[in-house]
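The primary structure of each chain is shown beneath.
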Amino acid sequence: RPDAVFLAYYCFGWAWLVDDGCARIPENPYYQNMSQYFDHALAVTDLETGYPLCVANNGNASGLYNVAGYVVTPAAAEQLAAFHKDVTMALPWDGLYVDEFD
């Protein structure tokens, strides 16, 4: 439809990171870019291992992807805004829908 609007969707509590522990992502440049933009130290981590904790996963810790969680802070918001400005909105989206699932 010529009047259709296409929005990218992002769940604000998820950080698609590549790290030890549960965090793994699909082999996709979009998700790999987030892992480069987002400081892994901002993820919610296991106190014993220091690895990011999963808040959503594909079955279990050995699944195809497991999404780390983080607490929204000014630093996290700035990094995610930069990611979406540079990466998400570089694609032909009309806008960005941000959802909060927590």
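What comes next concerns the included structure. (Residues numbered from 1 in each chain as written. Predicted model: local features only at pLDDT ≥ 70, side-chain atom pairs only at ≥ 80, totals over all residues. Heavy atoms only, no water.)

To continue, consider the side chain of Thr-88. Among the structural elements, Thr-88 can be located in the loop between helix H2 (74–86) and strand E5 (95–99). The class of Thr-88 is buried, set by a relative accessible area of 1%. (Helix = DSSP H or I, 4+ residues; strand = E, 2+ residues; numbered from the N terminus. Buried < 20%, exposed > 50% of the residue type's maximum accessible area, 1.4 Å probe, protein only.)

All right, on to the packing of aromatic side chains then. According to the stated counting rule, one finds 4 aromatic pairs in the structure shown. Both rings, one in Tyr-37 and one in Phe-83, keep their centres 5.7 Å apart while their planes meet at 70°; by these two values the pair is edge-to-face. Remark: Phe-83 occurs in helix H2 and Tyr-37 occurs in helix H1 (residues 29–37); sequence separation between them is 46 residues. Of the aromatic side chains, those joined through ring pairs into one cluster are Tyr-30, Tyr-37 and Phe-83. (Phe/Tyr/Trp six-rings, centres within 6.5 Å; stacked < 30°, edge-to-face > 60°.)

Once that is clear, we can look at the environment of Val-67. As for its position among the elements, Val-67 is in strand E4 (residues 66–69). Counting along the chain gives 14 residues from Val-67 to Leu-53, while the straight-line C-alpha distance between them is 8.0 Å. Setting aside residues no more than four positions away along its own chain, Val-67 makes contact with Trp-14, Ala-15, Trp-16, Leu-53, Cys-54, Val-55 and Ala-56. (Contact = heavy atoms within 4.5 Å.)

None of this, on its own, says anything about what the molecule does.
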